[in-house]
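Structure assessment
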Amino acid sequence: RPGAQQWVPPDADVPALAAAAPACRGCELWAPATQVVFSSGSPRAAIVLVGEQPGDREDREGEPFVGPAGRLLDEALEEAGVARDDVYVTNAVKHFRFVERGPRRLHKTPAVAHIRACLPWLEAELAAVRPRVVVALGATAARAVLGHDVTVGDVRGQVLDGPAGVRVVVTAHPAAILRLRDRADREEARAALVADLTTAGRAAA
Ligand code: URA
Ligand code: SF4
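Residues numbered from 1 in each chain as written. Chains lettered and ligands numbered in written order. Predicted model: local features only at pLDDT ≥ 70, side-chain atom pairs only at ≥ 80, totals over all residues. Heavy atoms only, no water.

1. Comments concerning the overall build of the protein
Helices and strands together make up the secondary structure of the protein, namely 8 helices and 8 strands. Relative to its full complement of 205 residues, the protein shows a buried share of 48%. Taking all contacts inside the protein whose residues are at least 6 apart in sequence as the whole, residues at least 24 apart take part in 72%. Put simply, the protein shows about 10200 Å² of open surface, and 49% of that area lies on carbon and sulfur atoms. Once the 25 positive and 26 negative side-chain charges of the protein are each reduced to a mean point, those two points are 3 Å apart. (Helix = DSSP H or I, 4+ residues; strand = E, 2+ residues; numbered from the N terminus. Buried < 20%, exposed > 50% of the residue type's maximum accessible area, 1.4 Å probe, protein only. Contact = heavy atoms within 4.5 Å. Areas by Shrake-Rupley, 256 points an atom, 1.4 Å probe, with all protein chains shown as cover. Lys, Arg positive; Asp, Glu negative; His and termini not counted. Charge placed at Lys NZ, Arg CZ, Asp CG, Glu CD.)

Pasting the structure below:
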């Protein structure tokens, strides 16, 4: 059976999952990537933040959300009054998917097959951390967490019922906010991210 399941140790805590992840061959994305990017933050956090996949910087450093999107996320969490100690940060897909353009590696959105292949890791993390609230950053994360497609604009900022009784808040991906060309649009999207993280913080309290 394709997918990560056979590499995911059963009933494992977060350190054991992170230690097992480098061996994963659940899809083809491991081969061109530098390394697996697992998670960061507290395994006892009340809030789990789920991104899409590591970016170029994350692939090189082995840590999620250390690049520009991570900086925006850190600022938004602080403005929302959510302490870094209260969050565990991970991605729906644990290897960087990219296309090479000369010396540059350009992000390529993971396919549904990659999200599905990598899902056993996310499920194991959620079982280990047992957060009160999961924040899905963007459509890829929302699909992984909820198990079906949603339109971010339709559901963002609502407190949804996710699998196994966990509350889910869907919001925009910080990288998508950074890509907005118009400054006023960007400010508005940033304020909405802060509002949604504030909602998540309240739902976790
Ligand atoms: N974007 C993501 O979705 N995850 C990261 O870790 C970095 C950027
Ligand atoms: Fe395994 Fe996920 Fe990496 Fe694919 S992306 S090899 S399923 S860890």
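2. A look at the packing of helix H3 (residues 68-79) against helix H8 (residues 183-204)
Interaxial distance between H3 and H8 falls to 8 Å at its minimum, and their mutual angle equals 55 degrees. Taken together, the axis directions place H3 and H8 in an arrangement best described as oblique. Helix-helix and strand crossings are classified by hand; for H3 and H8 the assignment is right-handed. Residue-level contacts link Leu72, Leu73, Glu75, Ala76, Leu77 and Glu79 of H3 to Arg190, Leu193, Val194 and Leu197 of H8. Grouping the constituent residues of the contact of H3 with H8 by class yields 7 nonpolar, no polar and 3 charged. (Axes fitted to C-alpha atoms, helices over the stretch in contact; angles between N-to-C directions. Parallel < 35°, antiparallel > 145°, perpendicular 65-115°, else oblique. Left-handed = near helix turned anticlockwise from the far one by under 90°. Nonpolar A, V, L, I, M, F, W, Y, C, P; charged D, E, K, R; others polar.)

3. Some details on the site of ligand 1
All residues in the neighbourhood of ligand 1 are listed as Gly51, Glu52, Gln53, Pro54, Gly55, Glu58, Pro64, Phe65, Asn91 and His173. Between ligand 1 and asparagine 91, the relevant distance is 2.7 Å, taken from a nitrogen atom to a side-chain nitrogen or oxygen of the residue. When atoms are counted within 2 Å of each cavity's grid points, the one that captures over half of ligand 1 is the largest pocket. (Near = heavy atom within 4 Å. Polar contact = N/O pair within 3.5 Å; in protein donor to acceptor, adjacent residues only side chain to side chain. 1 Å grid on protein atoms, 1.4 Å probe; cavity = no way out; pocket = protein on both sides within 12 Å on 5 of 7 lines; lining within 4 Å. Sits in = over half its atoms within 2 Å of the grid points.)

4. Some details on the site of ligand 2
Around ligand 2, the neighbouring residues are Ala4, Cys24, Gly26, Cys27, Trp30, Val93, Lys94, His95, Ala117, Cys118 and Trp121. Applying the majority rule of atoms within 2 Å of the grid points places ligand 2 in the largest cavity. Across the shell around ligand 2, the residue classes break down as 8 nonpolar, 2 polar and 1 charged.

5. With respect to the side chain of asparagine 91
Structurally, asparagine 91 can be placed in strand E3 (residues 87-91). Among the polar contacts listed, one links the side chain of asparagine 91 to the backbone nitrogen of glutamate 52, at a separation of 3.3 Å. Setting aside residues up to four positions removed in sequence, asparagine 91 forms contacts with Phe38, Val50, Gly51, Glu52, Gln53, Pro54, Pro64 and Phe65.

6. Considering the packing of aromatic side chains
Note on aromatic pairs: each is described by the distance of the centres and the angle between the planes. The final tally for this structure, using the stated rule, is 2 aromatic pairs. Between phenylalanine 38 and tryptophan 121 the ring centres are 5.7 Å apart and the planes differ by 85 degrees, which places this aromatic pair in the edge-to-face class. With phenylalanine 38 in the loop between helix H1 (14-20) and strand E1 (39-41) and tryptophan 121 in helix H4 (residues 112-129), this pair connects stretches of sequence that are 83 residues apart. For the pair shown, phenylalanine 38 and tryptophan 121 are each scored as buried. One Lys or Arg, arginine 25, reaches over the ring of tryptophan 30 and ends 3.7 Å from the middle of that ring. The cationic tip of lysine 94 hangs over the ring face of phenylalanine 38; the distance from NZ or CZ to the ring centre is 5.5 Å. (Phe/Tyr/Trp six-rings, centres within 6.5 Å; stacked < 30°, edge-to-face > 60°. Lys NZ or Arg CZ within 6 Å of the ring centre and 35° of its normal.)

7. Observations regarding H4
Relative to the 26 Å expected for 18 residues at 1.5 Å per residue, H4 spans 25 Å between its end C-alpha atoms, a close match to the ideal helical length. Along H4, the helix axis deviates most sharply at leucine 119, where the bend reaches about 45 degrees; the proline proline 120 sits within four residues downstream. The complete set of buried residues in H4 reads His114, Ile115, Ala117, Cys118, Pro120, Trp121, Leu122, Ala124, Glu125 and Val129. Packing partners of the buried residues in H4 comprise H1, E1, strand E2 (47-51), E3 and helix H5 (139-146). (Expected span 1.5 Å × (residues − 1). Bend = angle between axes of the 7 residues up to and from the residue.)

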